[in-house]
Amino acid sequence: MRLLRLELLIENGLAERLNSFALKAIHVSFAFREASFPACKKEKRTQPPHFMASPNSHFLRAFLRNKSQVGALTPSGDKLADAMVDWIDWSSVKSAVEFGPGTGVFTEKILTRLRPDSKFFAVEQDEHLADITRARCPGARVHTDCVSNISAICEKEEIDKVDVVISGLPWAVFTPELQKELLVEMKSVLKPGGKFVTFAYLQGMLLPAAQRFRKLLNDEFVDVHQSKVVWGNVPPAFVYRSVREDAPSMAAE
Ligand SMILES: C[S@@+](CC[C@H](N)C(=O)[O-])C[C@H]1O[C@@H](n2cnc3c(N)ncnc32)[C@H](O)[C@@H]1O
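Residues numbered from 1 in each chain as written. Predicted model: local features only at pLDDT ≥ 70, side-chain atom pairs only at ≥ 80, totals over all residues.

Some remarks on the overall build of the protein chain
At step 1: Scanning the protein chain from terminus to terminus reveals 10 helices and 7 strands.
At step 2: Once local pairs closer than 6 in sequence are excluded, the contacts in the protein chain between residues at least 24 apart make up 76%. (Helix = DSSP H or I, 4+ residues; strand = E, 2+ residues; numbered from the N terminus. Contact = placed C-beta atoms within 7 Å.)

A closer look at the packing of helix 3 (residues 55-65) against helix 7 (residues 127-136)
At step 1: Contact geometry of helix 3 with helix 7 gives a least axis separation of 9 Å together with a crossing angle of 160 degrees. What the angle tells us is that helix 3 and helix 7 run roughly antiparallel. The chirality of how helix 3 crosses helix 7 is left-handed. Where helix 3 abuts helix 7, its residues Pro55, His58 and Ala62 lie against His128, Leu129 and Ile132.
At step 2: Split into classes, the residues belonging to the contact of helix 3 with helix 7 amount to 4 nonpolar, 2 polar and no charged. (Axes fitted to C-alpha atoms, helices over the stretch in contact; angles between N-to-C directions. Parallel < 35°, antiparallel > 145°, perpendicular 65-115°, else oblique. Left-handed = near helix turned anticlockwise from the far one by under 90°. Nonpolar A, V, L, I, M, F, W, Y, C, P; charged D, E, K, R; others polar.)

Let's talk about the environment of Gly77
At step 1: Structurally, the position occupied by Gly77 is in the loop between helix 4 (67-70) and helix 5 (78-85).
At step 2: Taking the C-beta count within 10 Å as the criterion, Gly77 has 17 such neighbours and is therefore assigned partly exposed.
At step 3: Between the C-alpha atom of Gly77 and that of Gly232, which follows or precedes it by 155 residues, the distance is 7.8 Å.
At step 4: In this structure Gly77 touches Gly232, Asn233 and Val234, once residues within four positions along its chain are discounted. (Buried ≥ 20, exposed ≤ 12 C-beta atoms within 10 Å, placed from the backbone.)

Side note on the nonpolar core
At step 1: Among the nonpolar cores identified, the biggest contains 59 residues, and Met84, Ala96, Val147, Val165, Ile166 and Met186 are the most heavily contacted of them.
At step 2: Take this core: its biggest share by element is 6 residues, from strand 5 (residues 190-201).
At step 3: What Ile166 contacts, discounting residues up to four positions off in sequence, is Met84, Val85, Ala96, Glu98, Phe106, Ile110 and Val197. (Core = buried A, V, L, I, M, F, W, Y, C linked by C-beta atoms within 7 Å.)

Section: the confidence of the model for the protein chain
At step 1: With 77% of its residues at a pLDDT of at least 70, the protein chain reaches an overall mean of 84.
At step 2: Low pLDDT, under 50, characterises residues 1-37; the stretch is placed with 54 contacts to residues that sit more than four places away or in other chains.
At step 3: A low-confidence stretch, residues 249-253 stays under pLDDT 50, and its non-local contacts, those more than four residues away or across chains, total 1 contact. (pLDDT = per-residue confidence, 0-100.)

Side note on the site of the ligand
At step 1: Close to the ligand lie 23 residues, the nearest being Pro75, Ser76, Gly100, Gly102 and Gly168.
At step 2: Grouping the amino acids of the shell around the ligand by side-chain chemistry returns 14 nonpolar, 7 polar and 2 charged. (Near = placed C-beta within 6 Å.)

A short note on unusual backbone geometry
At step 1: Each neighbour pair has its own omega, and for Val234 with Pro235 the value is -5 degrees, a cis peptide bond.
At step 2: The topology assignment puts Pro235 in the loop between strand 6 (223-226) and strand 7 (237-243).

What about the packing of helix 9 (residues 176-188) against helix 10 (residues 208-220)?
Think of two packed helices as two axes; the pair is described by the angle between the axes and how far apart they sit.
At step 1: Contact pair helix 9 / helix 10: the axes reach a minimum separation of 11 Å and the direction vectors enclose 30 degrees. The angle between the axes of helix 9 and helix 10 places the two elements in the roughly parallel class. Considering the relative orientation of helix 9 and helix 10, their crossing is right-handed. Residue-level contacts link Pro176, Gln179, Lys180, Leu183 and Lys187 of helix 9 to Arg212, Phe213, Leu216 and Glu220 of helix 10.
At step 2: Residue composition of the contact of helix 9 with helix 10, grouped by class: 4 nonpolar, 1 polar and 4 charged.

Brief notes about the sheet that holds strand 4 (residues 162-167)
At step 1: Across the sheet, 7 strands lie side by side as 3-2-1-4-5-7-6; this open sheet has mixed pairing. For this open sheet the edge positions go to strand 3 (141-144) and strand 6, each flanked by a neighbour on one side alone. Recorded for the sheet is a direction-independent mean angle of 15 degrees between the axes of neighbouring strands.
At step 2: Bridge count between strand 1 (residues 95-99) and strand 4: 4 bridges; the pairing is parallel. Considered in strand 4, the bridge of Glu98 is made with Ile166. (Pairing = 2+ DSSP bridges.)

Structural notes on the pairing of strand 4
At step 1: Counting buried positions along strand 4 gives 6 out of 6 residues, so the element sits mostly inside the fold.
At step 2: With 5 bridges joining them, strand 4 and strand 5 adopt parallel strand pairing. Across the sheet, the residue bridging to Val164 is Lys195, located in strand 5.
At step 3: Taken together, strand 4, helix 9 and strand 5 form a β-α-β motif whose crossover is right-handed. (Right-handed = clockwise from strand over helix to strand, strands pointing away.)

What about the pairing of strand 1?
At step 1: Of all the 5 residues making up strand 1, 5 are buried; the element is thus mostly covered by neighbouring parts of the structure.
At step 2: Residues Ser95, Val97 and Phe99 line one face of strand 1 and the alternating positions Ala96 and Glu98 line the opposite face, and both faces are buried.
At step 3: Relative to strand 2 (residues 119-124), strand 1 runs parallel, the two sharing 5 bridges. Across the sheet, residue Phe99 finds its bridge partner in strand 2, namely Val123.
At step 4: Taken together, strand 1, helix 6 (residues 105-113) and strand 2 constitute a β-α-β crossover, and its handedness is right-handed.

Right, here's the structure in full:
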């Protein structure tokens, strides 16, 4: 019933008018169901995205099609996008990857900071959202794929290891197995000393899955810290900034 009412709101073009309070309430009730295996559910394209509609309503539609992989009702806001990219010293980045760009909010920020000679691509499992990111950021290559295939995609891109991974994946709705699988896959393409940036919703930290993800980050990375809460985001969120350990030195072996 709730889904039907949301669908009607979108069809009538009213989704944009949902105020932030209502969105926060809906986020609480929808956004935290754990995804089922496998990592990516293959969605058949039903119709091409309608570029006259706003990215927000496309995002809401994507959420309704696939709640357990989209994990949010609205794209991230500008302040959260800044907090996602500002920690990185982009002048030293030779290669970067974005996981789950959605409508391209972070992609746009990455492209303005990236060195012209750096390599960059994004991986988005939802075909409609991938198309929206391509339209919004023509300079970005977007693979419509699952990030569990990141090694193969890097090979196609002729990139061995990347300096930075910026992730918009909704970790708090993933099962323990999926969290682990995707994080380990991601680490396998990250250079020693490479940086991994992702975000979490503040309200979600009450959930076991979100706490489990935080623990997993601490287990897999040498240096993990949290940004201040971005209160202006809907819902409020913070950023995890993590560093992969350096390669073991010859002397230690
Ligand atoms: C919470 S949304 C964030 C979107 C965007 N980064 C933002 O902050 O507005 C999560 C995005 O990750 C994508 N996603 C989820 N699981 C994925 C997977 N296994 N492979 C690729 N993309 C995935 C979803 O389709 C969705 O676009």
